[in-house]
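Residues per chain are reported as follows:
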Number of protein chains: 2
Amino acid sequence: MKTPGPDSQALEPVTKVSDATMREFFGYRMKRAFNVVQADLARTLKPFELRMLTCTALVLIVENPGLRQAQLADAMDMERPNLVVLVDELERRGLIRRDRMPNDRRAYALVATAEGRELCARAVAAVKAHEAALLRGVSPDLRAAAEDALNKIERRRPPG
Amino acid sequence: MKTPGPDSQALEPVTKVSDATMREFFGYRMKRAFNVVQADLARTLKPFELRMLTCTALVLIVENPGLRQAQLADAMDMERPNLVVLVDELERRGLIRRDRMPNDRRAYALVATAEGRELCARAVAAVKAHEAALLRGVSPDLRAAAEDALNKIERRRPPG
DNA sequence: TATTGTTATACTCTATAACTATA
DNA sequence: TATAGTTATAGAGTATAACAATA
């Protein structure tokens, strides 16, 4: 005796899509907010022909002249092979140089050129301005709380 | 008269990499924290052979039986072509069905199967538990503040 | 004409194994 | 033997144009 289960019910069309279940997850809210931030950042960096990753690499090289690629990859939480293309791109554009380290000829000392430092400064200023616009409506207290929470999560790393 | 500029200085090796400039950006902190959350989520969903996107799609279909692919894509903030492969995957595994809509034969009414609903419930429970573990150390007040900030950012969308 | 789902394509980000040259 | 950088490759996520079927 086979009665129609819920799978074979006639359905009325969905008018408003609910994501109540997903909204209980912090990760879901983070992803949605991050998508907005990331899209805004991409648009902001486009005039400089930078992306989030290339901009981050450039900033870190400017701030830490002489660091090795392995150090940069570690700081950016990415694998060494994936960093190579980013560094290639920045070098090809004349924004950074790969200098051989005198005492360890396997490694490169990454240094920004004058042009790289100048572009970096302009990009950082633009991002700062766009973030201020994006975060207007979020009070300083609330932003500080959010950053506190994000830092705590970041430092948590894989918990079993 | 060409004196050595800062580019050609001898550099002492970098011992500790500083990201002070990047840390001023909310987007940078978000990305770093999101990477941790995303990695944890991926590990949590692996036993169910789900990823963040397939899990989200499944949850939304379970919660909104009969919704169209275009509605689902809109709810997930993704392009229609990219959703097709996700829905293909869920359908191939027998977790959802694509029913033709009676009044609009262009569209599909997406419905979860019994198996899909059961897997969904187990996955949601697992994610809930893992998030609780990941967020232990973040007080409820702080978490609420962070979610408030994330929601405000999400609702902001592209600001010129 | 416009819309739904689809195909094809391309770009970005990520992850792993294996190689080279140095140490 | 171990490490720094590299190559090659593959899997995901994302974005756009163009198409067939239907409205």
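Analysis parameters
- Residues numbered from 1 in each chain as written.
- Chains lettered and ligands numbered in written order.
- Predicted model: local features only at pLDDT ≥ 70, side-chain atom pairs only at ≥ 80, totals over all residues.
- Heavy atoms only, no water.
- Core = buried A, V, L, I, M, F, W, Y, C linked by side-chain atoms within 4.5 Å.
- Buried < 20%, exposed > 50% of the residue type's maximum accessible area, 1.4 Å probe, protein only.
- Contact = heavy atoms within 4.5 Å.
- Near = heavy atom within 4 Å.
- Polar contact = N/O pair within 3.5 Å; in protein donor to acceptor, adjacent residues only side chain to side chain.
- Helix = DSSP H or I, 4+ residues; strand = E, 2+ residues; numbered from the N terminus.
- Pairing = 2+ DSSP bridges.
- Nonpolar A, V, L, I, M, F, W, Y, C, P; charged D, E, K, R; others polar.
- UniProt positions renumbered as here; feature names shortened; annotations may be inferred.
- Salt bridge = Lys/Arg side-chain N within 4 Å of Asp/Glu carboxyl O.
- Expected span 1.5 Å × (residues − 1).
- Arc of directions from axis to C-beta.
- Buried area = accessible area lost by both parts, 1.4 Å probe.
- Least-squares fit on C-alpha atoms with pLDDT ≥ 70 in both.

- As annotated in an unreviewed UniProt entry, chain A carries the name DNA-binding transcriptional regulator, MarR family and comes from Tropicimonas isoalkanivorans.

## Structural notes on the nonpolar core
Taken as a class, soluble globular proteins show a tendency for nonpolar side chains to be buried jointly.
Thought 1: Formed by 102 residues in total, the largest nonpolar core has its most connected members in L50(A), L72(A), L50(B) and L72(B).
Thought 2: For L50(A), the residues in contact, after removing those within four places along its chain, are L45(A), C55(A), L58(A), L90(A), R93(A), L119(A) and A123(A).

## Remarks on the protein's contact with DNA strand D
Thought 1: Taken together, 20 residues surround DNA strand D, and among them Q69(A), A70(A), R98(A), R106(A) and N82(B) come closest.
Thought 2: In DNA strand D, atoms within 4 Å of the protein come from the sugar-phosphate backbone in 62% of cases.
Thought 3: Separating a phosphate oxygen of DNA strand D from a backbone N or O atom of Y108(A) is a distance of 3.1 Å.
Thought 4: At 3.2 Å from a phosphate oxygen of DNA strand D is found a side-chain nitrogen or oxygen belonging to R51(B).
Thought 5: Those elements that place two or more of their residues in the surface near DNA strand D are α4 (69-75) and α5 (80-92) of chain A together with α5 (80-92) of chain B.

## Focus on the pairing of strand β2 (residues 108-112) of chain B
Residues and elements named next belong to chain B.
Thought 1: With 4 of 5 residues buried, β2 lies mostly within the body of the structure.
Thought 2: Pairing analysis gives 5 bridges linking strand β1 (residues 96-100) to β2, with the strands arranged antiparallel. The partner of R100 across the bridge, within β2, is Y108.

## Quick word on the protein's contact with DNA strand C
Thought 1: Neighbouring DNA strand C are 19 residues, the closest being N82(A), R105(A), Q69(B), A70(B) and R106(B).
Thought 2: Backbone atoms, meaning sugar plus phosphate, form 61% of the atoms of DNA strand C positioned within 4 Å of the protein.
Thought 3: One of the side-chain N or O atoms of R51(A) is found 2.9 Å from a phosphate oxygen in DNA strand C.
Thought 4: Between DNA strand C and N82(A) there is a distance of 2.7 Å, counted from a base nitrogen to a side-chain nitrogen or oxygen.
Thought 5: Within the residue set of the surface near DNA strand C, elements represented by two or more residues are α5 of chain A together with α4 (69-75) and α5 of chain B.
Thought 6: Counting residues per element, the surface near DNA strand C draws most heavily on α5(B), which supplies 3 residues.
Thought 7: Taken together, the residues of the surface near DNA strand C break down into 7 nonpolar, 2 polar and 10 charged.

## A word on the UniProt feature "domain: HTH marR-type" (unreviewed entry) in chain A
Thought 1: UniProt annotation of "domain: HTH marR-type" (unreviewed entry) refers to residues 23-155 of chain A when read in the numbering used here.
Thought 2: With 68% helix and 8% strand, residues 23-155 of chain A has end C-alpha atoms that lie 24 Å from one another.

## Some remarks on the pattern of salt bridges
Thought 1: Overall, the coordinates contain 35 salt bridges over all chains when judged by the stated rule.
Thought 2: One salt bridge connects R23(B) with E154(A), and the closest N-O pair in it is separated by 3.0 Å. Taken together, the residues span two chains, with R23(B) in helix α1 (residues 20-23) and E154(A) in helix α7 (residues 140-156).
Thought 3: You can call E154(A) buried: its relative accessible area is 6%.
Thought 4: A salt bridge links R97(B) to D99(B); the nearest nitrogen and oxygen atoms lie 2.8 Å apart.
Thought 5: Given the relative accessible area of 27%, R97(B) is considered partly exposed.

## Quick notes on α5(B)
All names here are of chain B.
Thought 1: Helix length check: α5 (13 residues) gives 18 Å between terminal C-alpha atoms against 18 Å at 1.5 Å per residue, within 8%.
Thought 2: Among the residues of α5, L83, L86, V87, E89 and L90 are the ones counted as buried. Viewed along the axis of α5, the buried residues span an arc of 155 degrees, placing them on a single side of the element. In α5, the exposed positions angled more than 90 degrees off the buried face are occupied by P81, V85 and R92.
Thought 3: Structurally, α5 contributes buried residues whose contacts are with α3 (52-63), α4, β1 and β2.

## Quick notes on the interface of chain A and chain B
Thought 1: With 77 residues of chain A at the contact, the number on the chain B side is 77 residues.
Thought 2: Roughly 7400 Å² is buried in total at the junction of chain A and chain B, and carbon and sulfur atoms are behind 63% of that figure.
Thought 3: Across the contact surface, chain A and chain B share 10 salt bridges.
Thought 4: For K128(B), the salt bridge is made with E24(A), and the minimal N-O distance between the two is 3.3 Å.
Thought 5: At the boundary of chain A with chain B, the tally comes to 32 residue pairs in polar contact (both at pLDDT 80 or more).
Thought 6: At the level of secondary structure, the elements contributing two or more residues to the side of chain A that touches chain B comprise α1 (20-23), α2 (26-45), α3 (52-63), α4, β1 (96-100), β2 (108-112), α6 (114-135) and α7 of chain A.
Thought 7: Considered class by class, the residues forming the side of chain A that touches chain B number 39 nonpolar, 12 polar and 26 charged.

## A closer look at the relation of the copies chain A and chain B
Thought 1: The transformation that overlays chain A on chain B combines an axial shift of 0.0 Å with a rotation of 180 degrees, and the residual RMSD is 0.1 Å. The relationship between the two copies is best expressed as a two-fold rotation axis. Relative to the rotation axis, the closest C-alpha in chain A is found at A146(A), a distance of 2.1 Å.
Thought 2: An overlap of 99% is found between the interface residues of chain A and their copies at the interface of chain B, pointing to a shared contact surface.

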